[in-house]
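Examination of the molecular architecture
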Amino acid sequence: SFCASNCQGFPPFPRFHSSAMPAAISVRPDGVGVITMNSPPVNSLGTELVTSFKQEFPKLVQDPQVKAIVVTGQGAMFCGGAEITEFAVMVAMGPEKMKENNPVAALSEMMDMIDASPKTTVAALNGPALGGGAEVSLACHYRVASDKASVGFPEVNLGLLPGAQGTQRLPRVAPLPTAMQMILQGKPLKADAARKNGIVDAVAKKDVIEEAAEWALSHPPAPISKREVPKTNRFMASAGGLEAGLNTAVNAAPLMIAPRAIIKCFEAACSHKSFREGLQVEMEQFTNLVFSVESAALRHLFLSERLAQKVPGIDEKPMPLKKIGILGAGLMGGGIAMCFIQKGVPVVLKDAKQEWLDGGVKKIESLWGGQAKKGRLSKEKFQQYMSMLKPTLDYADFKDVDMVIEAVPEIMDLKKEVFLDIEKNTKPDCLICTNTSGLNIDDIAAVLKDPSRVMGTHFFSPANVMQLLENVRTAKSSVKTLATGMAMGKLINKKCVMVGNCDGFVGNRMIAPYAGEAKMLWEEGGTVEQIDKAATAFGMAMGPMALGDLVGQELFWKQRKAAGDMNKQTKTYFGPYELTDWLCELGRFGMKTPDPSIKANGRGIFIHRGRDKTVDPEVVAKLDEVRKAKGVTPRPVSDEEIVERLFYPLINEGFKILEQGYVARSSDIDLVYIYGYGFPPSKGGPMFFAENYAGFKTILEKLKVFDKQAKERYTKNPQYLPIDYFEPSKLLEACAAKEGMQVFPGQTVIDVVLKDFRKSSPGPGPFSKL
């Protein structure tokens, strides 16, 4: 047999050529050479690994005792793809320099080397093969996968395409619809699905390297580059299949530019162009994308998530979290409970009344039950989850929990009262966290004997769905408390950002001028539909008017009522109030207040019927009344003005938060807005947008104009409340003075300027001093 003829005369023990290299080679007794990619944590294809691979692989090709080659990865990962941090260096070179010294060319050469091997080369997929890792596997002649392996191309999520021959290799082995799903939408395939789609040749039943070696010894070389694209793929491409795939991708993410470039690569693969000609198209398209601001934004987002975990001054080991207590079984408390249970952490869920507790448990049960009915959750898992939830009315059941998260209504006296009750019934090192979205946590913590065990954990509703978690450091939070809070966020898969204890923290403080200006633009002459459309055209998930109806128009109306001052403004809410107060007096809070008399399942600014909504004619009529009472003559408002007046004060507030030291870095703000407020990822977040899209000087000049107009409005017309959110941040002014300065790859102008700014003008927030 093929195998027997290749197994004669080999030494009984492996011979190791190298072991400490990022690409380590060894030879098995059966004559199969193994090259292992070893670049923790995910075996990413950084310069060091690629260089090492290109040095070591030829040794196996040239060794006369090596009959076939297996390529694999160290640990649980085959290869996680390109080293993203190196893209910033690539971009810093500029397009012309990159033509002379293309860093991607080295990776493409590595693929050519594997592909051209005269000895059968098999990828042993010991774990996920993603991006460049999937391309390495396709450069091999065959692929044998473990049942834990998967194959995927997530590059589109970074505004890129597979730039190391993936767009030309995948359509030669996989059906075009599968190839489009994988590359256009970034959807990975598990091992078995990859086998059914021709991407993987076999799924190993035992050790993957053993089976890959057997396959290598029993099959001749078969490079994918020499294979024709299947006729069915060519036919589908010529019959409109690529356009259909593009439409699906564009509808899912309208602002993404990578899908169009990917389609051009697929067109090249499925045309009569040669493999090499297809690669030229791929490289052109990849280069265009890597220098695009959209891709820079998405790469910034990817790296920002890593950076957010590195909180200045947090250098202690977190406490283990074996059991969690949650106070308040409402929508928020129940959602938080689900997050922990789904990660295997038991939860004690307490409320004050049996009916509230029963309602909360019923809601959790219905959510998991719904997943079970749809087949997304097994019956056993559903039962296991419910068994990990302990509902109670008794604080004593918190006696052995490691953390309590309080999620009761936003009433300061109530928060203080429950904190004292928690303190009496928990062990001394149990952390006590509040889910407040705006109350001063230092004031709440002050009632405890040991306020160092307190921090804020601001979840977003519904907590079992929304990805963002703002962790809030108080004046007295211990390092151990904060470290545990960050580890908790990671445990339950949240995008976790540490912020300081200021009014509204980061997200709600910045959204306040955005919401205030939406109402002001409306009074001045913009329509509800126009304002929302301008925001969604910018890329927001929904417009400010629709958002008001979703979260509830009554939120700040109730707070102002409780304070006994209906003209009150804070950092988290601004006027004008007349119209929304009228809605609240009528009990029309938005989506949560149905009106059966008009068959509406929600009524606020909009009348909501099912998934449809229309602006309430009564609201339009009321606005006319408000305008007349204030002496306002409506004027045409341009979409450009709407975008500038919505987003520039929001960005300005972000600069003030940085300036005052309530957040560590600008990218943390970007994460908050991408994952908590529906800011478009292709714009990178508000601070990235300021630096890379709008420009600091443009924003500064516009803010000065709007500030002058606002001051004129509220000084001449006493019916308008004073606002300060257009007053330019000192940090923004400092950044505008440095606009265009050169910074190292991976740095932002904002953070470079901020470092010096904090030395000369430290703010009151905790990050000013770290």
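Given the structure is predicted, the values throughout are model-derived calculations rather than measurements.

**As for the pattern of salt bridges**
Tallied over the entire structure, the rule returns 44 salt bridges. Between Glu517 and Arg645 there is a salt bridge whose closest N-O contact spans 2.7 Å. Residue Glu517 is found in helix 21 (residues 507-524), and its partner Arg645 is found in helix 27 (residues 639-660); the two are separated by 128 residues along the sequence. On the basis of relative accessible area, Arg645 is assigned to the buried category, the value being 2%. In this structure, Glu712 engages Lys716 in a salt bridge whose closest nitrogen and oxygen atoms are separated by 3.8 Å.

**A look at helix 23 (residues 544-551)**
When we look at burial in helix 23, the residues that qualify are Pro544, Met545, Ala546, Gly548 and Asp549. For helix 23, the elements touching its buried residues are helix 21, helix 22 (528-538), strand 20 (606-609), strand 21 (612-615) and helix 27.

**Thoughts on the sheet that holds strand 21**
Spatially, 19-20-21 is the arrangement adopted by the 3 strands of the open sheet, whose pairing is antiparallel. Of all strands in the sheet, those with a lone pairing partner are strand 19 (602-603) and strand 21, marking the two edges. Bridge analysis of strand 19 against strand 20 gives 2 bridges, and the strand direction is antiparallel. Of the residues in strand 20, the one forming a bridge with Arg603 is Ile607.

**A short note on the pairing of strand 12 (residues 347-350)**
Neither face of strand 12 is left uncovered, since the one carrying Val347 and Leu349 and the one carrying Val348 and Lys350 both have all their residues buried. Across 4 bridges, the pairing between strand 11 (residues 324-327) and strand 12 is parallel. Bridge pairing in strand 12 links Gly325 to Val348. One crossover worth recording links strand 11 to the parallel strand 12 by way of helix 15 (residues 331-341), and it is right-handed. One ladder, built from 4 bridges, connects strand 12 with strand 13 (residues 389-392); its direction is parallel. Pairing of Lys350 across the sheet is with Thr392, part of strand 13.

**Some points on a nonpolar patch on the surface**
A cluster of nonpolar side chains, namely Met542, Leu550, Val551 and Met591, defines an oily patch on the protein surface of about 330 Å² accessible area. Counting through the fold element by element, Met542 comes out in the loop between helix 22 and helix 23.

**Quick notes on the environment of His141**
Along the chain, the position of His141 falls in the loop between helix 5 (132-139) and strand 7 (142-145). Remark: the alpha-carbon pair of His141 and Ser768, spanning 627 residues in sequence, is separated by 56 Å.

**Considerations on the pairing of strand 21**
Sheet topology note: the strand 20/strand 21 ladder contains 4 bridges and is antiparallel. When the bridges of strand 21 are listed, Ile607 appears paired with Thr614. Here strand 20 folds back onto strand 21, and the loop between the two strands holds 2 residues, one of which, Gly610, carries a positive phi near 60 degrees.

**Regarding the sheet that holds strand 8 (residues 150-152)**
Pairing is mixed in the open sheet, where 3 strands are placed in the order 6-8-9. For this open sheet the edge positions go to strand 6 (129-130) and strand 9 (189-190), each flanked by a neighbour on one side alone.

**Quick word on the packing of aromatic side chains**
Taken as a whole and judged by the stated rule, the model has 19 aromatic pairs. When the ring of Trp557 is compared with that of Phe589, the centres are 6.1 Å apart and the planes differ by 45 degrees; the resulting orientation is tilted. Here Phe589 lies in the loop between helix 25 (578-585) and strand 19 and Trp557 lies in helix 24 (residues 554-563), a separation of 32 residues in the sequence. For the pair shown, Trp557 and Phe589 are each scored as buried. Plain terms: the ring middles of Phe647 and Phe679 are 6.1 Å apart, the flat faces sit at 85 degrees to each other, and that makes the pair edge-to-face. Note that Phe647 is positioned in helix 27 and Phe679 in the loop between helix 28 (666-676) and helix 29 (686-694), a separation of 32 residues in sequence.

**Quick notes on the side chain of Asp616**
When you line up the elements, Asp616 lands in the loop between strand 21 and helix 26 (617-630). Judged by relative accessible area, Asp616 falls into the buried class, the value being 1%. Beyond its immediate sequence surroundings of up to four residues, Asp616 is in contact with Arg588, Arg603, Gly604, Ile605, Phe606 and Ile607.

**So, unusual backbone geometry**
Excluding glycine, most residues fall at negative phi; most peptide bonds, likewise, are trans. Each neighbour pair has its own omega, and for Pro40 with Pro41 the value is 5 degrees, a cis peptide bond. Tracing the backbone through its elements, the reader meets Pro41 in the loop between strand 3 (32-37) and helix 2 (47-62). Here Gly575 and Pro576 are connected by a cis peptide whose omega angle stands at 5 degrees. Even without being glycine, Phe505 reaches a positive phi, approximately 55 degrees. Of note, Phe505 is situated in the loop between strand 18 (495-500) and helix 21.

**Topic: the side chain of Arg169**
Checked against the element boundaries, Arg169 lands in helix 6 (residues 166-173). Not counting the four nearest positions on each side in its chain, Arg169 is found in contact with Met111, Asp115, Leu138, Ala139, Ile224, Ser225 and Phe275.

Definitions and limits used
- Every residue gets a number counted from 1 within its own chain, in the order that chain's sequence is written.
- Owing to the predicted nature of the model, reporting of local features is limited to residues with pLDDT of at least 70; listing and counting of side-chain atom pairs is limited to 80 or more, with chain, interface and lining totals taken over all residues.
- Each side-chain value is derived from all of the structure's non-hydrogen atoms; neither hydrogens nor water enter the calculation.
- By convention in these notes, a salt bridge is any Lys or Arg side-chain nitrogen within 4 Å of a carboxyl oxygen on Asp or Glu.
- In DSSP terms, a helix is any run of H or I states spanning at least four residues, a strand is any run of E spanning at least two, and both are numbered starting from the N terminus.
- A simple rule labels every residue: compare its accessible area, found with a 1.4 Å probe on the protein chains alone, to the largest value its type can have, and call it buried under 20%, exposed over 50%, or partly exposed in between.
- In this analysis, two residues are considered to be in contact whenever any of their non-hydrogen atoms come within 4.5 Å of each other.
- When DSSP locates at least two bridges between a pair of strands, those strands are taken to pair.
- If you view a crossover with the strands going away from you and the path from the first strand over the helix to the second runs clockwise, you call it right-handed.
- A patch is a set of surface residues, each over 30% in relative accessible area and not in a salt bridge, joined within 9 Å for like charges and within 5 Å for the nonpolar side chains Val, Leu, Ile, Met, Phe, Trp and Tyr.
- Calculation of accessible area relied on Shrake-Rupley with a 1.4 Å probe; when residues are assessed, cover is drawn exclusively from the protein chains displayed.
- Aromatic pairs are defined between Phe, Tyr and Trp rings, using the six-membered ring for Trp, whenever the two ring centres lie within 6.5 Å; interplanar angles under 30 degrees are classed as stacked, those over 60 as edge-to-face, and all others as tilted.

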